[in-house]
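Single-letter residue listing:
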Amino acid sequence: MALTLRDRAVRPSRTRALPPLGGDAPGLLLAALGVAAAFAVHQAVPAVPSLTAAVLLGVAAAHLPGLRPVVRGVARPGLSTAGKRLMRLGIVLLGLKLGLDDVLGLGWATVAMVLAVVAATFAGTLWLGRRLGLPGDQPLLVATGYSICGASAIGAVSQAAGSEEEDVAASVALVTLCGTLAIAVLPLLQHPLGLDTGGFGRWVGASVHDVGQVVATAQSGGAGALREAVLVKLMRVVLLAPLVAGVAVAARRARRRAGAAQTGDVPEGTAPDGAVRAGGKRPPLVPLFVAGFLAMIALRTTGVVPERALTLAGDAQELLLAAALFGLGSAVHLPTMVRTGGRLALLGLGSWVVVAGVSYAGVLATA
């Protein structure tokens, strides 16, 4: 009888630890349908990037009466998988859009300007978010999204920091909303601010969050503005790797200190929250997907990858990120956001002013 009871006690834990892949199927299928709908929206309204549409459709799916029980029930495991694992794959492929020669071709003055914009935006947003008392990792995630590359950066940093899904979803929703507004607002400011074609492109590339939103905003200034915007934007994306690595190290140290304060010490082989990891292994200082991201940059720099392969990788990257953003959008719970909506909106507005103002000053200084 003791053996039977022991078996019964062990079997449920095995089921939870190793869920069948089929459990992800409903959510992944729903994410695929969401991606198809997002690309359809982009085809119908080219001004709306497909990644932006994916987030918004995910939010809508989570609140429509007919879909809400599915999103919160049988589809939740697969949607969470899309928001985490597919996001990592998409970030790795994002590295193939970058080449070190492109970045260095901008000139050291522009490189210094981008570094200053990223540092000022990240530090200022993080400080303001904490002063406003936003919960969890929202200040960190919003600061990352504004300073680097929108939802993709939020996804990457959330993986390194172990952020709650609700914090990720709220931050993605805010950054996506503000980036979408930039598509309409920034072109109206080009001439009042006295920016020529190249200056406008650099300003857009340094201040708008998502790559798709940068393209949609800069194309109003012509081909020259678009080229400058994309190059500056991709340089900001390069900074994703060191930022994620730094966040991973800081989160690991903070959680080790918190665990030590509670237990007196954190033994070798513990997880960031103080729990012992299977096999006694520590999490890597640099997440595997960040190493993959850097490897793809190096591979692109060699010039050995055929143009056709780069095109296919770019298409795959957009599909993966769209699926991931649909999954993240489906985790948004609007009633919860409303409770912190005023503070979150204030943080978004303040960060927008910082990134736009610092990048504008940088463009004038490097003109």
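For the structure, see preceding data.
Residues numbered from 1 in each chain as written. Predicted model: local features only at pLDDT ≥ 70, side-chain atom pairs only at ≥ 80, totals over all residues. Heavy atoms only, no water.

Caption draft 1: A look at the environment of G90. Tracing the sequence through the fold places G90 in helix α5 (residues 76-94). Residues within four places of G90 in sequence aside, it is in contact with Q317, L320 and L321. (Helix = DSSP H or I, 4+ residues; strand = E, 2+ residues; numbered from the N terminus. Contact = heavy atoms within 4.5 Å.)

Caption draft 2: Spatial organisation of the side chain of S50. Following the sequence through the fold, S50 ends up in helix α3 (residues 50-63). Judged by relative accessible area, S50 falls into the buried class, the value being 2%. A polar side-chain atom of S50 sits 2.6 Å from a polar atom in the side chain of E318. (Buried < 20%, exposed > 50% of the residue type's maximum accessible area, 1.4 Å probe, protein only. Polar contact = N/O pair within 3.5 Å; in protein donor to acceptor, adjacent residues only side chain to side chain.)

Caption draft 3: How the structure looks around helix α7 (residues 108-131). Along its 24 residues, α7 runs 34 Å from first to last C-alpha, staying within 8% of the 34 Å computed at 1.5 Å per residue. Within α7, burial applies to T110, V111, M113, V114, V117, V118, T121, F122, T125, L126 and G129. G133 lies just past α7 and shows a positive phi near 75 degrees. (Expected span 1.5 Å × (residues − 1).)

Caption draft 4: Looking closely at the packing of helix α8 (residues 138-147) against helix α9 (residues 150-161). Packing of α8 against α9 brings their axes to within 7 Å, and their N-to-C directions diverge by 140 degrees. As summarised for this structure, α8 and α9 are arranged oblique, according to the angle between their axes. Crossing geometry of α8 relative to α9 is assigned as right-handed. Contact with α8, carried on its side by L140, L141, T144 and G145, involves G150, A153, I154, V157, S158 and A161 of α9 and no other residues of that element. When grouped by side-chain class, the residues that make up the contact of α8 with α9 number 6 nonpolar, 4 polar and no charged. (Axes fitted to C-alpha atoms, helices over the stretch in contact; angles between N-to-C directions. Parallel < 35°, antiparallel > 145°, perpendicular 65-115°, else oblique. Left-handed = near helix turned anticlockwise from the far one by under 90°. Nonpolar A, V, L, I, M, F, W, Y, C, P; charged D, E, K, R; others polar.)

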